[in-house]
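The chain contents come next:
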Amino acid sequence: MATTPSPPSMLPSVNSGRIRTLKEGSGKTGPVVYWMFRDQRLKDNWALIHAVHQANKAKVPVAVVFNLFDHFLGAKARHLGFMLKGLRQLCHQLQHSLHIPFFLVRGEAEETVSKFVRECGASLLVTDMSPLREVKKCKAEICERVSDLVTVHEVDAHNVVPLWVASEKLEYSARTIRGKINKKLSDYLVDFPDVEPPNTKWVITEDHVIDWDDIIAQVLRSGSEVPEVDWCEPGEIAAMEVLMGSKNGFLTKRLRNYSTDRNNPCKPTALSGLSPYLHFGQISAQRCALEARKLRASYPQAVDTFLEELIVRRELADNFCYYQPHYDSIQGAWEWARKTLLDHASDKRQHVYTREQLEKAKTADPLWNASQLEMVHYGKMHGFMRMYWAKKILEWTRGPEEALEICIYLNDKYEMDGRDPSGYNGCMWSICGVHDQGWRERPIFGKIRYMNYEGCKRKFDVDRYIAYVNKIVGELRKRKAENLLSEKEKVRRCCNPED
Ligand SMILES: Cc1cc2nc3c(=O)[nH]c(=O)nc-3n(C[C@H](O)[C@H](O)[C@H](O)COP(=O)(O)OP(=O)(O)OC[C@H]3O[C@@H](n4cnc5c(N)ncnc54)[C@H](O)[C@@H]3O)c2cc1C
């Protein structure tokens, strides 16, 4: 897949550094198609802005197409329900406020997106950027399948500083990428223009009404093993409310204590709670950064810490997954870490648990069990607990490969924000020391940083956290049982209308 930067003069509203040409078409006039997948929003979306801008320049129509995969990294009802409900809102807003049609296709994107481009005679396909191998492979395949006349642009609308601008290589740590990102912030951390309405109308030849209720019901049914959560409302409006709403917005009400309380699992609201929205692209990290920066004079430490996590750590994770093909295996660890893990792979373990025991939170450690239950039932484990949780999996399984596999499996299955570069990176940091340094050597962990129960007890009130999780899990179970009862009652009434 050839990638060349686009000439800056052609693209006045989007910094040309954000756009890469994956395929240069031999030129024709046809519509512009934006294949949206990682940045599922109308506002603050550089890929959409670019697609509309290109369409207006060429005086052609523009449409958005979204492919619903049959399977994507094990996503379940919790993830797909949230995503589709967000997309339903987006579809409505796109069509009503911008008159841009939204098409939902289903299957393998290599096939469906190429087919869509072919059938509408598009001249330009604009896509989002993701560092994950499945998406990279799919995009390369689409470039192969679409006609030679079609140009394909990739826009990094997810990172504040586009991945390829921040660095051209695998970075060693936050220390090595921080300066590179900061140097580029003045070019990229800028205000967004509004999306221009398209000048040319898309002519819809056939009925393309999307039966959202039916599609959502289907994915909820087939992924019911991991049910939806009700605390996290999907969509762009809800995302902005979490960021800066007047009731309990992160920047409006909760920012003050971010730097002091963010590592205390007993104070979960000290965290922003933005990760599900960032993962599905229902909010732009750049918007979060722009709004946070406005508050720097009042809360310098909190804002700086938040921007470090939101920009440096998050974009480092994208860098890792993009430049390290083995981002989810021991092969992707640095040499020193691989060696130390293998040296200690056969060390005696006090406990060895199976994946099933771990999944059911059946360990001898009540703190670990609480964090596992928080993830399974609530769908978002506290950030500090994620590190402890993953490190204990290393301690309690038969070896580092198995530990990493179980860690990624559970993270992707239950976390609302799972199947994300920050997830692979977080598991690799905890188990394989990626972006970390070597520590004093000890059994099982070797030189990988160690965490234990006693350390947690010194940092926060462990019993309070366990009680807090038990309470939320108890409430969720009760609500589930009540819902089940009322469902049964509905069925009974249907079968016995006389009652
Ligand atoms: C084992 C393990 C697994 C993880 N799995 C995921 C995952 O699947 N998805 C995910 O988004 N994050 C993951 N993280 C990173 C981090 O724990 C979460 O991003 C954070 O807890 C999300 O909550 P928040 O948005 O309220 O955090 P906040 O502290 O409010 O952070 C704001 C944003 O900054 C980014 N961020 C924060 N911490 C990190 C970090 N350590 N690395 C990269 N980006 C960060 C996230 O985008 C986050 O939403 C994982 C970390 C570990 C150690």
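Residues numbered from 1 in each chain as written. Predicted model: local features only at pLDDT ≥ 70, side-chain atom pairs only at ≥ 80, totals over all residues.

Participant: Tell me about the overall build of the protein chain, residues and numbers included.
Facilitator: Helices and strands together make up the secondary structure of the protein chain, namely 21 helices and seven strands. A compact globule built from 499 residues should have a C-alpha radius of gyration of about 23 Å, and the protein chain, at 24 Å, falls within 12% of that. Each of the three principal axes of the protein chain carries a C-alpha extent, and together these read 70 × 65 × 45 Å. Relative to its 499 residues, the protein chain shows a buried fraction of 44%. Once local pairs closer than 6 in sequence are excluded, the contacts in the protein chain between residues at least 24 apart make up 77%. (Helix = DSSP H or I, 4+ residues; strand = E, 2+ residues; numbered from the N terminus. Rg over C-alpha atoms; globule rule 2.2 N^0.38 Å. Buried ≥ 20, exposed ≤ 12 C-beta atoms within 10 Å, placed from the backbone. Contact = placed C-beta atoms within 7 Å.)

Participant: Please set out the site of the ligand residue by residue, giving values where relevant.
Facilitator: Close to the ligand lie 29 residues; Leu271, Ser272, Gly383, Gly423 and Gly426 are nearest. For the shell around the ligand, the secondary structure elements donating two or more residues are α11 (275-279), α13 (300-323), α17 (383-396) and α19 (421-432). No other element matches the seven residues that α19 contributes to the shell around the ligand. Broken down by class, the residue content of the shell around the ligand amounts to nine nonpolar, 12 polar and eight charged. (Near = placed C-beta within 6 Å. Nonpolar A, V, L, I, M, F, W, Y, C, P; charged D, E, K, R; others polar.)

Participant: Run through the packing of helix α12 (residues 285-293) against α13, naming residues and quoting values.
Facilitator: Put simply, α12 and α13 touch, their axes get as near as 10 Å, and they point 160 degrees apart. In this view, α12 runs roughly antiparallel relative to α13, as classed from their interaxial angle. Seen along the crossing, α12 lies across α13 with a hand that is left-handed. Of the residues in α13, those in contact with Ala285, Cys288, Ala289, Ala292 and Arg293 of α12 are Val303, Phe306, Leu307, Leu310, Ile311 and Arg314. Of the residues contributing to the contact of α12 with α13, the split by class is nine nonpolar, no polar and two charged. (Axes fitted to C-alpha atoms, helices over the stretch in contact; angles between N-to-C directions. Parallel < 35°, antiparallel > 145°, perpendicular 65-115°, else oblique. Left-handed = near helix turned anticlockwise from the far one by under 90°.)

Participant: Describe helix α4 (residues 133-145), listing the residues and the values that go with them.
Facilitator: Between its first and last C-alpha atoms α4 spans 18 Å; for 13 residues at 1.5 Å apiece the expected length is 18 Å, and the two agree. Within α4, burial applies to Cys138, Lys139 and Ile142. Projected down its long axis, α4 carries its buried residues within an arc of 100 degrees, all on one side. Seen from the open side of α4, the exposed residues pointing more than 90 degrees away from its buried face are Lys137 and Glu144. Tucked inside the fold, the buried residues of α4 contact β2 (19-23), α3 (109-120) and β6 (124-128). (Expected span 1.5 Å × (residues − 1). Arc of directions from axis to C-beta.)

Participant: If you had to explain the pairing of strand β3 (residues 32-35) to someone new, which residues and values would you point to?
Facilitator: Side-chain alternation along β3 places Val32 and Tyr34 on one buried face and Val33 and Trp35 on a second face that is also buried. In the classification by handedness, the crossover that spans β3, the intervening helix α1 (residues 46-58) and the parallel strand β4 (residues 62-68) is right-handed. As paired strands, β3 and β6 are joined by four bridges and run parallel to one another. For Val32, the partnering residue across the bridge sits in β6 and is Leu124. (Right-handed = clockwise from strand over helix to strand, strands pointing away. Pairing = 2+ DSSP bridges.)

Participant: Give me the domain arrangement of the protein chain: which residues, what numbers.
Facilitator: Domain boundaries assigned for the protein chain yield domain 1 (4-199) and domain 2 (330-472). If you average the C-alpha positions of domain 1 and of domain 2, the two centres end up 34 Å apart. The leading source of residues in the side of domain 1 that touches domain 2 is helix α2 (residues 77-98), at three residues. (Domains from an automatic or database assignment.)

Participant: An account of the nonpolar core is requested, with residue identities and associated values reported.
Facilitator: Formed by 128 residues in total, the largest nonpolar core has its most connected members in Val32, Val33, Tyr34, Leu125 and Cys407. With 11 residues, the top contributor of residues to this core is α13. When residues are assigned to domains, this core turns out to be shared by domain 1 (4-199) and domain 2 (330-472), each giving three or more. Those residues in contact with Val33, other than ones at most four positions away along the chain, are Ala63, Val65, Phe116, Val117, Cys120, Ala122 and Leu125. (Core = buried A, V, L, I, M, F, W, Y, C linked by C-beta atoms within 7 Å.)

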